[in-house]
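The chain contents come next:
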Amino acid sequence: MNPPRATVAAVVLAGGGGSRFGGAHNKVYLPLAGRRVVSWSLAALARVAEVDRIVLTVRPQDRELAEEIIDRELPDVAVTVIDGGATRHASEHNAIRHLEPAVLAGEIDVILIHDGARPLIAPPLI
């Protein structure tokens, strides 16, 4: 008999401002091979059957852009967009707090955290 499958929530961090990159905008929204950088990570996560929920953390001022990108580039992917924090750690914290009720209810067993500026992740690695 197979053990029950773990339920997985994937968090994609996209709340940066692009300052380390030297840009005026967050690098996750730059175009890359026909779509925005962040949508490559979201698409890869969506192709993994074990990923039950996807959460994207963004800066409040980027929410509208992020939602437009998801609607245009990933129309069939369910992504919950939430506000990130002032730091990477704060964004992780906000995502975990967002998922906490589902974890406590036994609806999520694993939380995977991925940097949205790393678009080359592939489903086998996930």
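To start, this report covers the structure provided alongside it. (Residues numbered from 1 in each chain as written. Predicted model: local features only at pLDDT ≥ 70, side-chain atom pairs only at ≥ 80, totals over all residues. Heavy atoms only, no water.)

Quick look at helix α2 (residues 63–73)
Moving on, step 1. Within α2 the residues assigned to the buried category are Ala66, Ile69, Ile70 and Glu73. Along α2, the residues classed as buried sweep out an arc of 95° about the axis, all on the same side. Set apart from the buried face of α2 by more than 90 degrees, the exposed residues are Glu64, Asp71 and Arg72.
Moving on, step 2. In this structure, the buried residues of α2 make contact with β3 (35–36), α1 (37–46), β4 (51–58) and β5 (80–83). (Buried < 20%, exposed > 50% of the residue type's maximum accessible area, 1.4 Å probe, protein only. Helix = DSSP H or I, 4+ residues; strand = E, 2+ residues; numbered from the N terminus. Arc of directions from axis to C-beta. Contact = heavy atoms within 4.5 Å.)

Focus: the pattern of salt bridges
Moving on, step 1. A full pass over the atoms with the stated rule returns 8 salt bridges.
Moving on, step 2. For the salt bridge of Glu107 with Arg53, the shortest nitrogen-to-oxygen distance reads 2.9 Å. Remark: Arg53 occurs in strand β4 and Glu107 occurs in the loop between α3 (88–104) and β6 (110–115); sequence separation between them is 54 residues.
Moving on, step 3. Residue classification places Arg53 among the partly exposed residues on the basis of a relative accessible area of 34%. (Salt bridge = Lys/Arg side-chain N within 4 Å of Asp/Glu carboxyl O.)

Quick word on the pairing of strand β1 (residues 8–14)
Moving on, step 1. Counting buried residues in β1 gives 7 out of 7 residues, a clear majority hidden from the surface.
Moving on, step 2. Of the two faces of β1, the one holding Val8, Ala10, Val12 and Ala14 and the one holding Ala9, Val11 and Leu13 are both buried throughout.
Moving on, step 3. Two elements, β1 and β4, share 7 bridges in a ladder whose sense is parallel. Bridged to Val12 within β4 is Leu56. (Pairing = 2+ DSSP bridges.)

Some thoughts on the side chain of His114
Moving on, step 1. Of note, His114 is situated in strand β6.
Moving on, step 2. On the basis of relative accessibility, which here comes to 10%, the residue His114 falls in the buried class.
Moving on, step 3. Among the polar contacts made by the side chain of His114, one reaches the side chain of Ser41 at a distance of 3.3 Å.
Moving on, step 4. Polar contacts involving the side chain of His114 include one to the main-chain carbonyl oxygen of Arg118, which spans 2.9 Å.
Moving on, step 5. Those residues in contact with His114, other than ones at most four positions away along the chain, are Val11, Val12, Leu13, Ser41 and Ile121. (Polar contact = N/O pair within 3.5 Å; in protein donor to acceptor, adjacent residues only side chain to side chain.)

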